[in-house]
Structure formats: C-alpha cells, structure tokens
Amino acid sequence: MPAFPEAAREAVGDATLRATLRHATHTIRDKRARAVAELDDWAALREAGRRIKDETLRHLDTHLIRLEESVTAAGGTVHWAADAAEANRIVTELVRATGETEVVKVKSMATQEIGLNEYLEAEGIAAYETDLAELIVQLGEDRPSHILVPAIHRNRDEIRDIFREKMGSWGRPAPEGLSDAPAELAEAARLHLREKFLRAKVGISGANFMVAETGTLVVVESEGNGRMCLTLPETLISVVGVEKVVPTWRDLEVFLQTLPRSSTAERMNPYTSTWTGTADGDGPGTFHLVLLDNGRTDALADEVGRQALRCIRCSACLNVCPVYERAGGHAYGSVYPGPIGAILTPQLRGTASEVDASLPYASSLCGACYEVCPVAIDIPEVLVHLRERVAEEGGKGHRLERAAIKASTWILDHPGVLAAGERLASATRKALPKRLPGPGARQWTDHRDLPELPAEPFRDWWKKNRT
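Predicted, not measured: the structure shown is a model, and the values here were computed from it.

Caption draft 1: Quick look at the overall build of the protein. In terms of helices and strands, the protein carries 23 helices and 10 strands. Along the first, second and third principal axes, the C-alpha atoms of the protein reach 95 × 55 × 50 Å. Looking at the protein as a whole, 49% of its 467 residues are labelled buried. Considering only intrachain contacts with a sequence separation of at least 6, the fraction spanning at least 24 residues in the protein is 74%. Of the roughly 22,600 Å² of accessible surface on the protein, 53% is carried by carbon and sulfur atoms.

This is the structure:
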C-alpha cells in the first residue's frame, strides 16, 4: 500500500465513492446522535466504560490468567498466540484435526488483522464469510473499508452485479433476474448462506467481550448469521485480541448499552450471543479460544498510546471524521480504518513502513472522534504523540525538518547572527520568491501568500524610534 496521502488523493477523485460515503456516514451518525440523546446518563456510562477498560488494562495479566482458568473449567481450551503467524498456525492445525476443509465465519476484525482467510486458503481450507457486508467484500475480491459496514463503499448496483457474477462459484447462485432492491439482495444472500450454515462442521468467530469471571464470550450482531455460526457447527474456534477481556459479568451492563447506540444506533443489538465453554447437546461440542497479542502488549507499554486498546470497535469515530468521509477506508492500508485505525495500526505494526508512518497524519485534529467515542479515547492526543514518534525516528521528510529546526535553534541562540540575517532579508526582500521551493512547501504556498518582509527589521525600527 502507498502512504496515506497518495492513496487518499486517488480516493477523493472518485465522485461516486464520495457521495456514497457521505450519505452513509451522515445517516449513521445522525441516528446515533438521536439514540444517545435518549440516555440522561450517557456521560456517566462513557466515563464508566473508560474506567473499566483502563483498570482492566492496568491488570491485564491477572485478568487473562483468570479468563484462561474459567474457560478451561467450562470445557474450553485456551491457546496463546504471540503474533499473526502463530495464530494462523494454531487455527489451521485445529481445523485440520477435525478433518474438514471448509469453515463458516462470524465477522471478525481480529481474523482480518492476521490474514486468516488467505492463510487458510493457502492451506487448502475454504473460509466463508457469513456477515452480509463481509460476504459482499469476499465475493467482490475486495477489502473492507469500514469497521461496522465493511462494504460501505459499494452501492446497490455494484452489489447486484457482484452477486450475479460471483455467487455461483462460491455456492448457491443468485436468483435469475436479481434486481438491486435491498430485500431481494438480502434474500439472495440468505439463500446462499443457508446451505453453508447447515453443512458446516467448524465455525470461526471473534468476540466483542470476554468475561474473566465466568469464561463467557460475547458476540453482538444484527443479522443472526453470528448466532448460526456459534451454535450449529460441532467445533467453534474464537480468535480474540487480549484487550477484549473485562473482569466481571456486571461490566457488560455498561458496554451493552454504549456499544449498540454508538455503532448501529440501536437501544440493544438484535442478537447478543453468549457462551461459556461447552455443554452436552447444546451448541458446539468442542470450543477453542485463541488469545491474540500481535503487538498489543507493545501498545500497552506506551502510557499515552495504550488508550487505543480501550476501543470496542463501534466505528462512531469513522462516521464523524471529515478525512474518512472523503478518503474512505481503503486509503488507510489497514483492516482498521478511520481515526481509530490511524492510532491503533501504527502501534500494532510499528511505523517502519511508509503507510504506517503516514497514518498519524491522516487527521485534521478536529476532535470530533473524541467527542463521540463511548470509552473516551483521546484520539487527537494519541495522533500528536505518534507524530512525535515518527519525527524522532527520522522517517521520510523528517530528516530535513529536523535539520531545519536544529539550524533555527542555533540561529536563535546567536542574536548577532539573527540580526544580520534579518537585515539581509529586508535588503533583498524584492528579490525573494513568492512561493517556497520543494514539493512539501509548494503544497502550502500554492494556495497561500507568503507575508511581505518589512523595509527594515523590527529591532532597527525600535532603536530609531523607542530608544
């Protein structure tokens, strides 16, 4: 992926994409605002969520050990994955042990983060996405562009064409004469997926929350496909980031109020599925939990940046971000787009690559993302913090900037040199260019006039008039 500015430049030139994003994000955020306004104690719930998350992260090791003990006692098996490679290997071995060559999947950011679908495909295992938007992305050989609505960049005509052209090669084909009516598209997806649900022996999921106290995992969703994947297969494998743990069952009371209102603008999610280990004759007979680190403990060590781990993946910050609205999710080069992606991805992956080093600058720092975050992540604060880190590492463009600051510091420390420079600038002011050289500087001065230099420096004027 190119750096964010290059990717965004191409995206903002797509008028259809901009119109689609604007309509979708404005609709979602307006509905969210109305849903949040219904609660008189929203500010208190937001503060409670922040405190629960911060306290959990402060003692994350203790809560994870308790979670492992609870899951094991309930009949599940816990696996620890330090990175994406280890997580993919563990999941592949677990699927192979069942003898199956296909799995159904609940929408999961964690499995997208580690590239699980691609890894399974390379190992001869077909992974079928069952969330409607994820299905559209998968059939279209596309990438998600939104946390909540992965296919937000697609309009109905495009979705109809994808279903007509691709469904047949993945299973049940689209009905003849399929139109772009939402009800017909949804029915085509339902029929296509139903046969996969009924024959699948292995399901793969993530989780919105994990309760250390009981070993319970929680998935919230709106379509019912998650419930099918979590209950019908014989084996269930859940890949979950270690930051998703909460200490007690009672902690869910806060998040099950704030998450649906911030994400889908609903009072509660239509489907809230919870499961604790295994039970005879009820749900999967075998349950595996893969706890994923993949850079999270590195983020935890950063006192400023660790607040990104509070994120409950509601996507509210994307829907109010003026940068995301115009550039779309693909420009971020990550499964985590928008403001939260701009601070989470560089911490999980580091800032060595050009795209990751550019993400902290993919913001106007307007603060709208902080205002809507249900766990009060100060995204602008973390963005500035990460920009400082990128600058200190001397990435592309920053070496020259640091040299200029160093030279300026020396000049300001030597008043005689500064005075001589001021007089020289005033004496040659008519010969100075109206625009600065260099691509970065030109972007600024192409649309702004440089201030005119006075005929004499201020210090000389002061000596003559105010001695």
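Caption draft 2: Layout of the packing of aromatic side chains. One pass over the full model with this rule turns up seven aromatic pairs. These aromatic residues form a ring-pair network of at least three members: Phe4, Tyr324 and Tyr332. Its guanidinium or amino end placed over the ring of Tyr370, Arg46 lies 5.0 Å from that ring's centre, counting from NZ or CZ. Lying over the aromatic face of Phe255, Lys53 brings its terminal NZ or CZ to 5.8 Å of the ring centre.

Caption draft 3: View of the side chain of Lys196. With respect to the helices and strands, Lys196 occurs in helix 10 (residues 182-199). Although buried, Lys196 forms no salt bridge, and the nearest oppositely charged side chain, Glu195, lies 4.1 Å from it. At 2.6 Å, the side chain of Lys196 and the backbone oxygen of Trp170 are in polar contact. Ignoring anything within four residues of it in the chain, the contact list for Lys196 reads Val104, Tyr128, Trp170 and Gly171.

Caption draft 4: Expanded view of the pattern of salt bridges. In the structure shown here, the tally under the stated rule is 29 salt bridges. Between Glu123 and Arg96 there is a salt bridge, and its shortest N-O distance comes to 2.3 Å. Residue Glu123 is found in the loop between helix 7 (116-122) and strand 3 (126-129), and its partner Arg96 is found in helix 5 (residues 84-98); the two are separated by 27 residues along the sequence. Residue Arg296 pairs with Glu113 through a salt bridge whose shortest N-O separation is 2.8 Å. With Arg296 in helix 13 (residues 296-300) and Glu113 in helix 6 (residues 109-113), this residue pair connects regions lying 183 residues apart in the sequence. Here the two residues Arg296 and Glu113 agree in accessibility, since each one is buried.

Caption draft 5: Quick peek at the sheet that holds strand 6 (residues 216-221). Strand order in the open sheet formed by four strands is 8-5-6-9, with mixed pairing between adjacent strands. In this open sheet, the two edge strands, each paired with only one partner strand, are strand 8 (245-246) and strand 9 (271-276). Two strands pair when backbone bridges link them, and strand 5 (residues 209-211) and strand 8 are joined in this way by two bridges, in the parallel orientation. By the bridge assignment, Val211 is partnered in strand 8 with Val246. In the packing of helix 12 (residues 252-263) onto the sheet, the strands contacted are strand 5, strand 6, strand 8 and strand 9, and the crossing angle to strand 5 comes to about 165°.

Caption draft 6: View of the packing of helix 2 (residues 15-37) against helix 12. Between helix 2 and helix 12, the shortest axis-to-axis distance is 7 Å and the interhelical angle comes to 145°. Across the interface between the two elements, Ile28, Arg32, Ala35 and Val36 from helix 2 touch Arg261, Ser262 and Ser263 from helix 12. Of the residues contributing to the contact of helix 2 with helix 12, the split by class is three nonpolar, two polar and two charged.

Caption draft 7: Structural view of the environment of Glu266. Among the structural elements, Glu266 can be located in the loop between helix 12 and strand 9. Separated by 157 residues in the primary sequence, Glu266 and Met109 place their C-alpha atoms 21 Å from one another. Other than its neighbours up to four places away in sequence, Glu266 contacts Ser222, Pro260 and Arg261.

The rules behind these values
- Residues numbered from 1 in each chain as written.
- Predicted model: local features only at pLDDT ≥ 70, side-chain atom pairs only at ≥ 80, totals over all residues.
- Heavy atoms only, no water.
- Helix = DSSP H or I, 4+ residues; strand = E, 2+ residues; numbered from the N terminus.
- Buried < 20%, exposed > 50% of the residue type's maximum accessible area, 1.4 Å probe, protein only.
- Contact = heavy atoms within 4.5 Å.
- Areas by Shrake-Rupley, 256 points an atom, 1.4 Å probe, with all protein chains shown as cover.
- Phe/Tyr/Trp six-rings, centres within 6.5 Å; stacked < 30°, edge-to-face > 60°.
- Lys NZ or Arg CZ within 6 Å of the ring centre and 35° of its normal.
- Lys, Arg positive; Asp, Glu negative; His and termini not counted.
- Salt bridge = Lys/Arg side-chain N within 4 Å of Asp/Glu carboxyl O.
- Polar contact = N/O pair within 3.5 Å; in protein donor to acceptor, adjacent residues only side chain to side chain.
- Pairing = 2+ DSSP bridges.
- Axes fitted to C-alpha atoms, helices over the stretch in contact; angles between N-to-C directions.
- Nonpolar A, V, L, I, M, F, W, Y, C, P; charged D, E, K, R; others polar.

Such coordinate-based values are descriptive only and should not be taken to indicate function.
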